[in-house]
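# Structural characterization, general
Chain by chain, the residues:
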Amino acid sequence: MDYFVKEHSIVRKIWGKGDTILFIFAGASAEFALNKAVDWLYFTGKLPADPIGRLFSTVCYAQEIVFFEEESANRSIDKIVSIHSAVEKNRQAVIPDWAYRDVLYMLIHYSIAAFEVLERKLTASEKEEVYNVFYRVGSRMKLKELPAGYEEWIGSYAMHLQNDLTKSKYTIDLFKQYKKHLGNFRYWLLLETQKMVLPVTVREMLGFKKCSFVQLMLPFYKFSRLLKLDTIIRSLILPATYKTPIKRLDKQV
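Computed from a prediction, not measured in an experiment: that's the story for all the values here.

So, on to the overall build of the protein chain. Assigned secondary structure in the protein chain consists of 15 helices and zero strands. Rg of the C-alpha trace for the protein chain: 17 Å, near the compact-globule value of 18 Å for 253 residues, within the 12% margin. In terms of its C-alpha atoms, the protein chain occupies a principal-axis envelope of roughly 50 × 45 × 35 Å. For the protein chain, the proportion of its 253 residues judged to be buried stands at 51%. Intrachain contacts of the protein chain at a sequence separation of at least 6 include 72% that bridge at least 24 residues. Of the roughly 13200 Å² of accessible surface on the protein chain, a fraction of 57% belongs to carbon and sulfur atoms. The averaged location of the 28 negative side-chain charges in the protein chain is 7 Å from the averaged location of its 37 positive side-chain charges.

Given below as structure tokens:
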């Protein structure tokens, strides 16, 4: 059976661990709040109404692509395109190509950053492998101007950070929604986690300091994984409503 992502790929290791995925979406939730195209998700109302539910919905699609066989993964990618096409039709406007590309770039950056914070530094070939998987996703979506490889992508991502991000009323409101849905303690934990994976440009735009309390707690958390206590800790990080989705994050790799 041909899988979209090879069975022993580093991408499966990254997307097969719940804690890594939570770090990925902690970072992406911050950067996406700055994206100049975030108004598209405000148009549907789904993101501000349920930002955490939206996170798990996105995780579900991403894991389908990473862990399904190629034909099924391609169907999932096509479904994503179809959903966005319906939104475009309702709004009578077209989502710019760069907005899709920005989301793809976020998945690339935070996949690497989250794994390196929680596990180890990736090799050059592993980073290339991460990029290649999401390049194939973008190609299936018929995105234009995708860099040919990881090294070229680094420069393209830097340009994206300079050109496609701005702190707007949507940024402020989205962080308010995060706080509303998470509560004070979990919201603080989200901010502290974001600091560890955000690019300097994003961190500065949000006014974040580099130092993070979570970074001091990482050795304890890594030890908790050896004792199989990490799932309990994770259940404390997110509201009880999401206990079942949290358990489903971990995959056999």
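Right, let's get into the layout of surface pockets. Taken as a whole, the second largest pocket holds about 330 Å³ of empty space. Every residue lining the second largest pocket is counted, 15 residues in all, and those nearest its centre are His 109, Ile 112, Ala 113, Glu 116 and Val 197. Among the secondary structure elements, those contributing two or more residues to the lining of the second largest pocket are helix H7 (97-118), helix H9 (150-163) and helix H11 (184-197). Taken together, the residues of the lining of the second largest pocket break down into twelve nonpolar, one polar and two charged.

By the definition in use, this model includes eleven aromatic pairs. On the numbers, 4.9 Å between centres and 55° between planes, the contact of Tyr 42 with Tyr 170 is tilted. Of the two residues, Tyr 42 sits in helix H3 (residues 39-44) while Tyr 170 sits in helix H10 (residues 169-182), which places them 128 residues apart along the sequence. With a relative accessible area of 18%, Tyr 42 lands in the buried category. Ring centres 6.5 Å apart and planes at 40° place the aromatic pair Tyr 131 and Trp 153 in the tilted group. With Tyr 131 in helix H8 (residues 124-140) and Trp 153 in helix H9, the pair connects residues that are 22 residues apart, well separated along the chain.

By the secondary structure assignment, Leu 191 is in helix H11. The spatial distance from the C-alpha of Leu 191 to the C-alpha of Lys 169 is 18 Å, given a sequence separation of 22 residues. What Leu 191 contacts, discounting residues up to four positions off in sequence, is Phe 175 and Phe 208.

Time to look at H8. With 17 residues, H8 should cover 24 Å at 1.5 Å per step; its first-to-last C-alpha distance of 24 Å lies within 8% of that length. Buried residues of H8: Glu 126, Val 130, Tyr 131, Val 133, Phe 134, Val 137 and Gly 138, and no others. Along the axis of H8, the buried positions cluster into a sector of 150°, meaning they face one direction only. Every exposed residue of H8 that faces more than 90 degrees away from the buried side is listed here: Ala 124 and Ser 125. The inward-facing, buried residues of H8 contact helix H1 (10-15), helix H5 (51-67), helix H6 (70-91), H7 and H9. Positive backbone phi, at 65°, marks Lys 142, one or two positions downstream of H8.

Let us now look at the environment of Tyr 150. Structurally, Tyr 150 is set in helix H9. Once the C-alpha coordinates of Tyr 150 and Lys 167 are considered, the two residues, 17 residues apart in sequence, prove to be 28 Å apart. Every residue in contact with Tyr 150, bar those within four places of it in the chain, is listed here: Ile 112, Lys 127, Glu 128 and Tyr 131.

This part takes up the pattern of salt bridges. In this structure the tally under the stated criterion is ten salt bridges. Close ionic contact of Lys 17 with Glu 119 constitutes a salt bridge, the shortest N to O distance being 3.2 Å. Of this pair, Lys 17 sits in the loop between H1 and helix H2 (18-34) while Glu 119 sits in the loop between H7 and H8, and the two are 102 residues apart along the sequence. Judged by relative accessible area, Glu 119 falls into the partly exposed class, the value being 28%. Two residues, Glu 192 and Lys 195, come together in a salt bridge whose shortest N-O distance is 2.8 Å. Note that Glu 192 and Lys 195 are positioned in helix H11 at a spacing of three residues, about one turn of the helix. Residues joined in a network through salt bridges with shared partners are Glu 116, Lys 121 and Lys 127.

What counts, and at which threshold
- Residues numbered from 1 in each chain as written.
- Predicted model: local features only at pLDDT ≥ 70, side-chain atom pairs only at ≥ 80, totals over all residues.
- Heavy atoms only, no water.
- Helix = DSSP H or I, 4+ residues; strand = E, 2+ residues; numbered from the N terminus.
- Rg over C-alpha atoms; globule rule 2.2 N^0.38 Å.
- Buried < 20%, exposed > 50% of the residue type's maximum accessible area, 1.4 Å probe, protein only.
- Contact = heavy atoms within 4.5 Å.
- Areas by Shrake-Rupley, 256 points an atom, 1.4 Å probe, with all protein chains shown as cover.
- Lys, Arg positive; Asp, Glu negative; His and termini not counted.
- Charge placed at Lys NZ, Arg CZ, Asp CG, Glu CD.
- 1 Å grid on protein atoms, 1.4 Å probe; cavity = no way out; pocket = protein on both sides within 12 Å on 5 of 7 lines; lining within 4 Å.
- Points joined across faces, edges and corners; volume = space filled by probe spheres on them.
- Nonpolar A, V, L, I, M, F, W, Y, C, P; charged D, E, K, R; others polar.
- Phe/Tyr/Trp six-rings, centres within 6.5 Å; stacked < 30°, edge-to-face > 60°.
- Expected span 1.5 Å × (residues − 1).
- Arc of directions from axis to C-beta.
- Salt bridge = Lys/Arg side-chain N within 4 Å of Asp/Glu carboxyl O.

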